Amino acid sequence: MNTYIYMVRHGDSPKTEGNERTRGLTARGKCDAHHITDLLYGEDIDVFVSSPYTRSILTIQELAERSGQEVIVFEDLKERIFSTDDKRLPDKELLPLLTQSFADPNFALRGAESNADCQNRAISVLKELLKTYRGQKIVLGTHGAVMTLMMGYFNSQYGLNFLLHTSKPDIYRIEFNQELVDVKRLWKY
């Protein structure tokens with residue numbers, strides 16, 4: 001009895017509005033959320049879970065509503081905390097931080113979170129989801145780094161290079177049967 005996790009990385013979000021928790025979606029991000037709904041609606045998803053961040057919830061909310069479901073929010077599925085002030089780091093600062101973090105999973109800026117800490121909290125939720133919803137299909141609204149860390153827990157090929165080649169949004173269908181069986185990218189737009 002296989003369980004399927006559909007990792008749905010959030011759509012494009014404004015870089016300057018709000019903080020990490022409250023940033024929504026741009027017009028393009030909203031359009032992509034419609035495409036996600038059309039793409040995944042026929043998959044007969046059983047459960048919808050998400051990071052508590054607005055952009056992740058909004059990316060899967062239409063699909064959940066169309067499926068007659070609600071989005072269940074898990075605090076520990078939030079994106080890795082890169083800085084103490086909950087503000088978005090500029091790309092020029094984020095890339096060196098990611099590079100160092102994937103080279104040393106325990107590295108973190110003062111008061112922030114390491115890759116190892118982020119992976120541990122997110123994997124705890126993912127394992128519980130796999131146990132609770134065994135044999136079902138689960139959409140998980142997520143973010144680039146935490147998604148990569150969850151996938152990397154099961155297969156080390158999912159690291160920094162993988163993260164740098166993902167898109168916003170992105171979708172990966174991950175099949176489990178006690179262990180990871182298969183990963184297939186579904187996003188094609």
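Everything discussed here concerns the structure shown above.
Residues numbered from 1 in each chain as written. Predicted model: local features only at pLDDT ≥ 70, side-chain atom pairs only at ≥ 80, totals over all residues. Heavy atoms only, no water.

(A) Focus on the sheet that holds strand E4 (residues 137-142). Spatially, the 6 strands line up as an open sheet ordered E3-E2-E4-E1-E5-E6, and their pairing is mixed. The open sheet has two edge strands with one neighbour each: strand E3 (71-73) and strand E6 (179-185). Strand-to-strand, the axes of this sheet are offset by a mean angle of 25 degrees, without reference to chain direction. Pairing geometry for strand E5 (residues 170-177) and E6, over 6 bridges, is antiparallel. Residue pairing for E6: Ile 174 is matched across the bridge by Val 183. Helix-sheet contacts for helix H2 (residues 54-66) involve strand E1 (3-9), strand E2 (47-50), E3 and E4, and the interaxial angle to E2 is about 165 degrees. (Pairing = 2+ DSSP bridges. Helix = DSSP H or I, 4+ residues; strand = E, 2+ residues; numbered from the N terminus. Axes fitted to C-alpha atoms, helices over the stretch in contact; angles between N-to-C directions. Contact = heavy atoms within 4.5 Å.)

(B) Summary view of the packing of aromatic side chains. Applying the stated rule across the entire model yields 4 aromatic pairs. Geometrically, the ring pair formed by Tyr 158 and Phe 162 is edge-to-face, given 4.9 Å between the ring centres and 85 degrees between the ring planes. We note that Tyr 158, like Phe 162, is buried. Stacked on the ring of Tyr 41, the Lys or Arg Arg 66 has its end atom at 4.3 Å from the ring centre. (Phe/Tyr/Trp six-rings, centres within 6.5 Å; stacked < 30°, edge-to-face > 60°. Buried < 20%, exposed > 50% of the residue type's maximum accessible area, 1.4 Å probe, protein only. Lys NZ or Arg CZ within 6 Å of the ring centre and 35° of its normal.)

(C) Summary view of the nonpolar core. Counting residues in hydrophobic clusters, the biggest one holds 25 residues, and the most contacted among them are Ile 5, Met 7, Leu 126, Leu 140 and Met 150. By size, the runner-up hydrophobic cluster in this structure holds 13 residues, among which are Val 8, Leu 63, Val 139 and Ile 171. (Core = buried A, V, L, I, M, F, W, Y, C linked by side-chain atoms within 4.5 Å.)

(D) The arrangement of H2 in detail. Counted at 1.5 Å a residue, the expected span for H2 with its 13 residues is 18 Å, and the 19 Å between its end C-alpha atoms agrees. For H2, the principal kink sits at Ile 60 and spans about 40 degrees. Among the residues making up H2, those that are buried are Arg 55, Ser 56, Ile 57, Thr 59, Ile 60, Leu 63 and Ala 64. Against the buried residues of H2 lie E1, helix H1 (27-40), E2, E3 and E4. (Expected span 1.5 Å × (residues − 1). Bend = angle between axes of the 7 residues up to and from the residue.)

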